[in-house]
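Coordinate analysis (summary)
Single-letter residue listing:
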Amino acid sequence: VRPRLPPAVEIGKEVTSLIKFLQQMINGTSIGFIYALIAIGYSLIYSILSFSNFAHSTFIIAGAYTGFFLLTSASLPLPLSLLGALAGAALIAVFAEKVAYRPIREKGNPTLYFIIASMGMSIFGENIVIATIGPKFRSYPQILSVTAFDMGGISISVLDIMAAVIGSVFLLLLMYIINETKQGMAIRAAAFDLDTVGLMGVNTNQLICLVFIVAGALAGLAGFFLGMKYTVYPQLGNLTMKAYIAAVFGGLGSLPGAVVGSVLLGIMETIIAGYFASTLRDIFVFALLILVLLVRPSGLMGVKREDKV
C-alpha cells in the first residue's frame, strides 16, 4: 500500500497543479486574442462574399513587416509604428480586393474563382517578400520590458497584457461600428443579401472595400503582435490557418463566434501542449476542424448556409 502524503504536501501539489492550469489558461487566452483579430477578418469577408479569403496571410505579413521597418529603419515610436502596421496591411487588403476580387465579382464568376484567386494572392505575397526583403528571420527591437508580472506564481508578460488590451479595444470598436452605425447596418444587411443592398442604393463596391480595410487592419494588428511575440519571416502568415480553424469552429460569418472560437482554440492548444506534448497540438487542431465540419458545419454560433466552404 502506497503511504499517504502529509496533508501539507498534498495541498502543495494541488496548488501547484492549479497554478499550472491557470497559467495555461492565460497563455491560451493571450494567443486566442491574436487568433480572434485574424478570425474576425475571415468572418467579415465570408459574411459578405461567401468565400474564405486565404490571402489573409498576406495582410498579416504586411502588418508584421511594416511595423518592423517603422520601428527599426524609421525609428518611429511604438504607437505610430502600430498604426503604420494597421495602415500598411489595410492598404494591401484594398489592393487585393481591387486587383484580384473585384474583376471576378463584376464578371459574375462563381465562388470557386474567389478561392483560387485568394490562394494565388497568398502565394504571390509570400514570394514577393522572399524576393524583395529576403527569407531570413528578423526580430523586433526590445521595446517592452521582458519582465513578467508575477501574481501568486502566475506569470503574465507585458506584451500579452498589451495585446489583450489593445485587441479588446479594437474588437469592441468594431462591434460598435457594426451595431450602431449606418455603415455597420449596411454590412449586416449585405451579409443577408448583397444584391438587394445594391438595389437599395448602397454602393456595394465601397462597402466591400470598407470590409477589406477593416479585415486588413485587424490582420495587420495581429501581425504586429506576432512579430513582437515571436519573429518576422515570410511564412509568418501560415499561422492564419489556426485562425481560420478558429473561425470555422466559432462559425464562419459570426463575429462573436470568431472571438469565442479563437479564445477556446488558444486555450485548448496550450492545454494540449502543456499537459501532453507540443507535437500533438497541430494534430488536435486539424482533428478539431474535421470534427466540426462533420458534426456541426455551421460552427458554435454560425448560421447554416446553402453554400458552405
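These numbers come from a predicted model, not from an experiment.

1. Some words on the overall build of the protein
A tally of helices and strands in the protein yields eleven helices and two strands. Along the chain direction, N to C, the helices and strands of the protein fall in the order α-α-α-α-β-β-α-α-α-α-α-α-α. Based on the C-alpha atoms only, the size of the protein along its principal axes is roughly 75 × 50 × 35 Å. Burial status across the protein gives 48% buried among its 309 residues. Counted over contacts in the protein with a minimum sequence separation of 6, partners at least 24 positions apart contribute 76%. Per element, the accessible surface of the protein, about 15,300 Å² overall, is 69% carbon and sulfur. For the protein, the centre of its 19 positive side-chain charges and the centre of its 14 negative side-chain charges are spaced 3 Å apart.

2. So, the packing of helix H3 (residues 78-106) against helix H8 (residues 204-229)
At a minimum axis separation of 6 Å, H3 and H8 run at an interaxial angle of 135°. Put simply, H3 runs oblique to H8. Like other packed secondary-structure pairs, H3 and H8 cross with a definite hand, here right-handed. Tallied by class, residues from the contact of H3 with H8 come to 17 nonpolar, four polar and four charged.

3. Focus on the pattern of salt bridges
When their charged atoms lie close together, side chains carrying opposite charge are able to pair. Inspection of the entire model under this criterion finds five salt bridges. Taking the shortest distance from any N to any O, the salt bridge between arginine 105 and glutamate 97 comes out at 3.0 Å. For the pair shown, arginine 105 and glutamate 97 are each scored as buried. Here lysine 242 makes a salt bridge to aspartate 282, at a shortest N to O gap of 3.0 Å.

4. Comments concerning the side chain of threonine 240
Mapping threonine 240 onto the fold places it in helix H9 (residues 240-250). Separated by 2.6 Å, the side chain of threonine 240 and the backbone oxygen of glycine 237 make a polar contact. If sequence neighbours within four positions are ignored, threonine 240 has contacts with Ile38, Tyr42, His56, Ser57 and Ile60.

5. Some words on the confidence of the model for the protein
Overall, the predicted model of the protein reaches an average pLDDT of 86, with 93% of residues at or above 70. Model confidence for the protein, summarised as mean pLDDT per element, is weakest for strand S1 (residues 149-151) at 73 and strongest for helix H2 (residues 56-72) at 94.

6. What to know about H8
The end-to-end C-alpha separation of H8 is 37 Å, in line with the 38 Å expected for 26 residues at 1.5 Å each. The buried count for H8 comes to 19 of 26 residues, which makes it a mostly enclosed element. Near the N-terminus of H8, the side chain that reaches the backbone nitrogen of asparagine 205, with its oxygen 3.1 Å away, is that of asparagine 203.

7. Details of the packing of aromatic side chains
Per the counting criterion, the structure on display carries twelve aromatic pairs. Each ring, one from phenylalanine 68 and one from phenylalanine 69, has its centre 5.2 Å from the other, and the planes form 75°; the classification is edge-to-face. Phenylalanine 68 sits in the buried class, given a relative accessible area of 8%. Judged by relative accessible area, phenylalanine 69 falls into the partly exposed class, the value being 29%. A network of ring pairs unites the aromatic residues Tyr65, Phe68, Phe69, Tyr140, Phe224 and Phe225 as a single cluster. Geometry around tyrosine 275 places lysine 20 over its ring, the cationic atom sitting 4.7 Å from the centre.

8. With respect to the environment of isoleucine 272
Tracing the chain through its elements places isoleucine 272 in helix H10 (residues 255-275). Residues isoleucine 272 and alanine 96, 176 residues apart in the sequence, show an inter-C-alpha distance of 36 Å. Not counting residues within four places of it along the chain, the set of residues in contact with isoleucine 272 comprises Ala277, Leu280, Arg281 and Phe284.

9. Thoughts on the nonpolar core
The biggest cluster of nonpolar side chains holds 85 residues, and the ones touching the most others in it are Tyr101, Phe224 and Phe225. Contact partners of phenylalanine 225, with chain neighbours within four places excluded, come to Ile34, Leu37, Leu159, Met162, Ala163 and Ile166.

Thresholds applied
- Residues numbered from 1 in each chain as written.
- Predicted model: local features only at pLDDT ≥ 70, side-chain atom pairs only at ≥ 80, totals over all residues.
- Heavy atoms only, no water.
- Helix = DSSP H or I, 4+ residues; strand = E, 2+ residues; numbered from the N terminus.
- Buried < 20%, exposed > 50% of the residue type's maximum accessible area, 1.4 Å probe, protein only.
- Contact = heavy atoms within 4.5 Å.
- Areas by Shrake-Rupley, 256 points an atom, 1.4 Å probe, with all protein chains shown as cover.
- Lys, Arg positive; Asp, Glu negative; His and termini not counted.
- Charge placed at Lys NZ, Arg CZ, Asp CG, Glu CD.
- Axes fitted to C-alpha atoms, helices over the stretch in contact; angles between N-to-C directions.
- Parallel < 35°, antiparallel > 145°, perpendicular 65-115°, else oblique.
- Left-handed = near helix turned anticlockwise from the far one by under 90°.
- Nonpolar A, V, L, I, M, F, W, Y, C, P; charged D, E, K, R; others polar.
- Salt bridge = Lys/Arg side-chain N within 4 Å of Asp/Glu carboxyl O.
- Polar contact = N/O pair within 3.5 Å; in protein donor to acceptor, adjacent residues only side chain to side chain.
- pLDDT = per-residue confidence, 0-100.
- Expected span 1.5 Å × (residues − 1).
- Phe/Tyr/Trp six-rings, centres within 6.5 Å; stacked < 30°, edge-to-face > 60°.
- Lys NZ or Arg CZ within 6 Å of the ring centre and 35° of its normal.
- Core = buried A, V, L, I, M, F, W, Y, C linked by side-chain atoms within 4.5 Å.

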